[in-house]
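# Chains, contacts and geometry: an overview
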Amino acid sequence: QVQLVESGGGLVQAGGPLRLSCSMSGSIFSINVMGWYRQAPGNQRELVASINSGGITVYADSVKGRFTISRDNAKNTVYLQMNSLKPEDTAVYYCSAEIRSSWWSKAFDAWGQGTLVTVSS
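What comes next concerns the included structure. Small disclaimer: the values here were computed from a predicted structure and weren't measured.

### Looking at unusual backbone geometry
Backbone geometry places Asn 76, a non-glycine residue, at a positive phi of 50 degrees. Counting through the fold element by element, Asn 76 comes out in the loop between β7 (67-72) and β8 (77-82). Take Asn 76: its relative accessible area is 23%, and that puts it in the partly exposed class.

### Regarding the sheet that holds strand β3 (residues 18-26)
Where strands meet in a sheet, backbone hydrogen bonds hold them as pairs that are either parallel or antiparallel. Reading across the sheet, the four strands line up as β1-β3-β8-β7 and stay open at both edges, with antiparallel pairing between neighbours. Of all strands in the sheet, those bounded by a partner on one side alone are β1 (2-7) and β7. Direction aside, the axes of adjacent strands within the sheet are offset by 15 degrees on average.

### Quick notes on a nonpolar patch on the surface
A cluster of nonpolar side chains, namely Phe 29, Trp 103 and Trp 104, defines an oily patch on the protein surface of about 470 Å² accessible area. Inspection of the secondary structure assignment puts Trp 104 in the loop between β9 (91-100) and β10 (108-111).

### Considerations on the nonpolar core
With 30 residues, the main nonpolar core has Trp 36, Val 78, Leu 80, Met 82 and Tyr 93 as its most contacted residues. Elements represented by at least two residues in this core include exactly β3, β4 (30-39), β5 (46-51), β7, β8, β9 and β11 (115-120). Contacts of Leu 80, omitting those with residues within four sequence positions, involve Leu 18, Arg 19, Leu 20, Trp 36, Val 48, Ala 49, Phe 67, Thr 68, Ile 69 and Tyr 93.

Criteria and thresholds
- Residues numbered from 1 in each chain as written.
- Predicted model: local features only at pLDDT ≥ 70, side-chain atom pairs only at ≥ 80, totals over all residues.
- Heavy atoms only, no water.
- Helix = DSSP H or I, 4+ residues; strand = E, 2+ residues; numbered from the N terminus.
- Buried < 20%, exposed > 50% of the residue type's maximum accessible area, 1.4 Å probe, protein only.
- Pairing = 2+ DSSP bridges.
- Axes fitted to C-alpha atoms, helices over the stretch in contact; angles between N-to-C directions.
- Patch = residues over 30% accessible without salt bridge, like charges linked within 9 Å, V, L, I, M, F, W, Y side chains within 5 Å.
- Areas by Shrake-Rupley, 256 points an atom, 1.4 Å probe, with all protein chains shown as cover.
- Salt bridge = Lys/Arg side-chain N within 4 Å of Asp/Glu carboxyl O.
- Core = buried A, V, L, I, M, F, W, Y, C linked by side-chain atoms within 4.5 Å.
- Contact = heavy atoms within 4.5 Å.

In structure tokens, the structure reads:
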């Protein structure tokens, strides 16, 4: 079993920063891709940013230049530094990871429970 726990969400004024963290624990042998997704009311869940084990990052166009994803492999943690936040960034943010529990097992996708980010105008 694997647990992903997000933290750092909350209420912030437009233009301000916020940093999300996601700590992963449990039966973890390796983690390939770590990512952040978000879902606003009435919208589908969308990819915000991802980072693979080699450090290659991918960002949604809407957050490029404002958000930075990073990971600490020793701590099995992924971060999302969000700057210059806009009201349209308001959403529940979920972390996700592609995890293998052992060297012989197939990778699977694990998800956190989500953390709410609200950006006021």
